Amino acid sequence: MSLTIGQPAPQFTLFSSELKEVSLSDFKGKKVIIHFFPAAFTGTCTTQLCTMRDNFGYYDGLGAQILGISVDSPFTLAKFKEENAYQFPLLSDFNKEVSTAYDSIYADFVFGMKGVSKRAAFVVDEEQNIIYAEVLEVATDLPDFVKIAEIVK
């Protein structure tokens, strides 16, 4: 079932690349931009998150929180974050529960991998309702960064 604009965002608690629990509810009162991505260290995923890294000041200036989520382990995400100097949390959905709740998961992906996060972007408002949802079926496509920036303003 697809998530729709105006509905409450599915709540979650995941471990970050720093091995700390991070919950969506931690950011109540702020807009949250959630980026799901298939796999650390791949070309399009790096582009997706580096775009957010390079625009971090804009979102931080608006008081918005960026979160990156994939099914990679927290240890893989820690190295990915370090190598790319991401200023925002990367969260491990290793058990695939959050990707599933956000209808952002491939049952079958490349190389026989199963249960990999789809590339997707969501914006959650201060009351934790979804105000933007984009789930991409083609893993090499990127989210609409311009539209996300407009929604967050």
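Residues numbered from 1 in each chain as written. Predicted model: local features only at pLDDT ≥ 70, side-chain atom pairs only at ≥ 80, totals over all residues. Heavy atoms only, no water.

1. Brief notes about the pairing of strand E9 (residues 130-135)
Now for step 1: Looking at chain direction, strand E8 (residues 120-124) and E9 are connected through five bridges and run antiparallel. Each residue of the ladder has a partner; that of Val-123, found in E9, is Tyr-132.
Now for step 2: Hairpin connection between E8 and E9: a loop of five residues separates the two successive antiparallel strands, and Gln-128 in this loop has a positive phi of roughly 75°. (Pairing = 2+ DSSP bridges. Helix = DSSP H or I, 4+ residues; strand = E, 2+ residues; numbered from the N terminus.)

2. Considerations on the packing of aromatic side chains
Now for step 1: Throughout the structure, instances matching the rule amount to nine aromatic pairs.
Now for step 2: Look at Phe-80 and Tyr-86: their rings are 5.3 Å apart centre to centre, the planes differ by 70°, and that puts the pair in the edge-to-face class. Accessibility classification places Phe-80 together with Tyr-86 in one group, the buried group.
Now for step 3: Across the ring face of Tyr-106, the terminal group of Lys-118 is positioned such that the distance to the ring centre comes to 5.6 Å. (Phe/Tyr/Trp six-rings, centres within 6.5 Å; stacked < 30°, edge-to-face > 60°. Buried < 20%, exposed > 50% of the residue type's maximum accessible area, 1.4 Å probe, protein only. Lys NZ or Arg CZ within 6 Å of the ring centre and 35° of its normal.)

3. Here's the deal with the nonpolar core
Now for step 1: Within the largest apolar cluster, 23 residues are counted, with the highest numbers of intra-cluster contacts made by Ile-33, Phe-37, Tyr-59, Phe-88, Leu-90 and Ile-148.
Now for step 2: Of all elements in the fold, only helix H1 (43-54), helix H2 (56-61), helix H3 (74-84), E8 and helix H5 (145-152) reach the threshold of two or more residues within this core.
Now for step 3: Filtering out sequence-adjacent residues up to four positions away, Phe-88 remains in contact with Leu-49, Met-52, Arg-53, Phe-56, Gln-65, Ile-66, Gly-68 and Lys-81.
Now for step 4: Ranked by size, the runner-up nonpolar core spans 19 residues in total, among them Val-32, Val-98, Val-124 and Ile-130. (Core = buried A, V, L, I, M, F, W, Y, C linked by side-chain atoms within 4.5 Å. Contact = heavy atoms within 4.5 Å.)

4. Notes on the environment of Thr-13
Now for step 1: One can find Thr-13 in strand E1 (residues 13-16).
Now for step 2: For Thr-13, a relative accessible area of 44% translates into the label partly exposed.
Now for step 3: With 80 residues separating them in the primary sequence, Thr-13 and Asp-93 have C-alpha atoms 9.3 Å apart.
Now for step 4: Once residues within four sequence positions are removed from consideration, Thr-13 is found in contact with Glu-21, Val-22 and Ser-23.
Now for step 5: Among the polar contacts made by the side chain of Thr-13, one reaches the side chain of Ser-23 at a distance of 2.5 Å. (Polar contact = N/O pair within 3.5 Å; in protein donor to acceptor, adjacent residues only side chain to side chain.)

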